[in-house]
Amino acid sequence: PVLPPTLPNLQGNIVHSLGLGSGSQLAVIRYLRGKMLGTMNKKAVGLDIKDEVFDGVPVRVYQPLPRAAGRRRGVMFFHGGGWVFGSINDYDHLCQYIARESGSVVVSVEYRLAPEHRYPTQLDDCLTATLHFIRTAAEYGVDNTRMVVSGDSAGGNLTAAVCLRVSGLEEESPKLPPLRAQVMIYPALQMVDFTLPSYRQNQCVPLLFKTRMIFFYLQYLNGEVSLGEEVEAGQHVPLALRTAYRKWINADLIPDQFKSGAHGSSPTLTADDEAVDLLKRSLEPTFSPLLASDAAISKLPPAYILTCEFDVLRDDGLLFKKRLEDNGIPVSWHHVPDGFHGIVSFFDNGYLTFPSGKLAVDNVVAFLKDI
């Protein structure tokens, strides 16, 4: 994209693009985000990297060198960015590192973004690419019984949603091997309750504010961003369902160690009819995986969940961990006590490198190497 010629112009475009105005302004903010959070796409060492298309979905394939005599594990990676930002280029260095250090063939997916494309387009792209990789795994030297799905933030949401879809397909397609694991890095898993302790404690903590998370959810869903206040108050959820969901999404289910200073009001005990109607698809399990039935959860593969202390999404990960464990699914959990949302993007980023980011990425790699 061509940047505006003056700083005032640039600032104006950034401010306006936070409301996601014109396409050119959105291109600018995506460009700047990539410059800030991305790395300088360091030259690949020990990898064969190719851009390909899996059933119409652009992907980047990272294959470790030299080729292995046996078949490697395969790792699908779905990038974060609130379903609005992010690209395979932004995550190129991370995917290189994971592929090289874990000895895995990694496929990074360039799924379509909002606001140009709404739910479930992003999920459909990720599912399509995953199924293609499972079917063609042998062509990449991959054992399709050692297939892992992974992602961070919005990509963690897509990881859980893809696993729900694939586990549902296994009964219809007996020849489809089950996924070996799901790796979710500070995943966004529900648009029901924004009064959980992590939302209260970290609502103004960079890089992800509570209001910005709500904004991203609404952009992904259908673009009804004017309903942000209703969503924050919980008025988009019918009262009967809100009561039912408390067995899965409830501050009482969060371990006490994470509740310090989490004071504030509970969701409003009323529902807004317009918000309920316009946002009803946000309650679908493939949009809010924490709302999946116990039967669906019990079919999911073993999980790895990474959470960060200073992250509004911390409790989503904690609650999903509990749901999985309650349904007999093994969970490896890694918590970063000094971590913030987006920390893995700073694992090796020059002067913006954080040691806890490197430790977090190496923990993910260690999990993968055991598969």
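In the block above lies the structure referred to throughout.
Residues numbered from 1 in each chain as written. Predicted model: local features only at pLDDT ≥ 70, side-chain atom pairs only at ≥ 80, totals over all residues. Heavy atoms only, no water.

Draft legend 1. Broad picture of the sheet that holds strand S5 (residues 142-152). Spatial strand order, S1-S2-S4-S3-S5-S6-S7-S8: 8 strands in an open sheet with mixed pairing. At either margin of the open sheet sits one strand with a lone partner, and together these are strand S1 (47-54) and strand S8 (331-340). Geometrically, the sheet is characterised by an average inter-axis angle of 20° between neighbouring strands, direction not taken into account. Relative to strand S6 (residues 181-185), S5 is paired through 5 bridges, and the arrangement is parallel. Its bridge partner being in S6, Gly151 is matched across the sheet by Met184. (Pairing = 2+ DSSP bridges. Helix = DSSP H or I, 4+ residues; strand = E, 2+ residues; numbered from the N terminus. Axes fitted to C-alpha atoms, helices over the stretch in contact; angles between N-to-C directions.)

Draft legend 2. Quick look at the environment of Cys204. Its place among the elements puts Cys204 in the loop between helix H6 (197-201) and helix H7 (210-221). Each C-alpha atom of the pair Cys204 and Phe310 lies 9.9 Å from the other, and the pair is 106 residues apart in sequence.

Draft legend 3. Structural view of the packing of aromatic side chains. Scanning the model with the defined rule gives 21 aromatic pairs in all. Where Trp83 meets Phe287, the ring centres are 6.5 Å apart and the plane angle is 20°; that geometry is what we call stacked. With Trp83 in the loop between strand S3 (72-78) and helix H3 (92-102) and Phe287 in the loop between helix H10 (273-278) and helix H11 (294-297), this residue pair connects regions lying 204 residues apart in the sequence. Assigned by exposure class, Trp83 and Phe287 land together as buried. Seen in terms of ring centroids, Phe133 and Tyr140 are 5.9 Å apart; in terms of plane orientation they differ by 70°. Their pairing is edge-to-face. In this pair, the class of Phe133 matches that of Tyr140, namely buried. Cation over ring: Arg323 sits above Trp248, and NZ or CZ is 3.9 Å from the ring centre. (Phe/Tyr/Trp six-rings, centres within 6.5 Å; stacked < 30°, edge-to-face > 60°. Buried < 20%, exposed > 50% of the residue type's maximum accessible area, 1.4 Å probe, protein only. Lys NZ or Arg CZ within 6 Å of the ring centre and 35° of its normal.)

Draft legend 4. Main features of the packing of H3 against helix H13 (residues 355-369). H13 packs onto H3 with a crossing angle of 45° between their chain directions and a minimal axis gap of 9 Å. Of the possible angle classes, the one that applies to H3 and H13 is oblique. As H3 packs across H13, the resulting crossing turns out to be right-handed. For the pair H3 and H13, the contacting residues are Leu94, Tyr97, Ile98, Glu101 and Ser102 in the first and Lys358, Val361, Asp362, Val365, Leu368 and Lys369 in the second. The residue inventory of the contact of H3 with H13, partitioned by class, reads 6 nonpolar, 1 polar and 4 charged. (Parallel < 35°, antiparallel > 145°, perpendicular 65-115°, else oblique. Left-handed = near helix turned anticlockwise from the far one by under 90°. Contact = heavy atoms within 4.5 Å. Nonpolar A, V, L, I, M, F, W, Y, C, P; charged D, E, K, R; others polar.)

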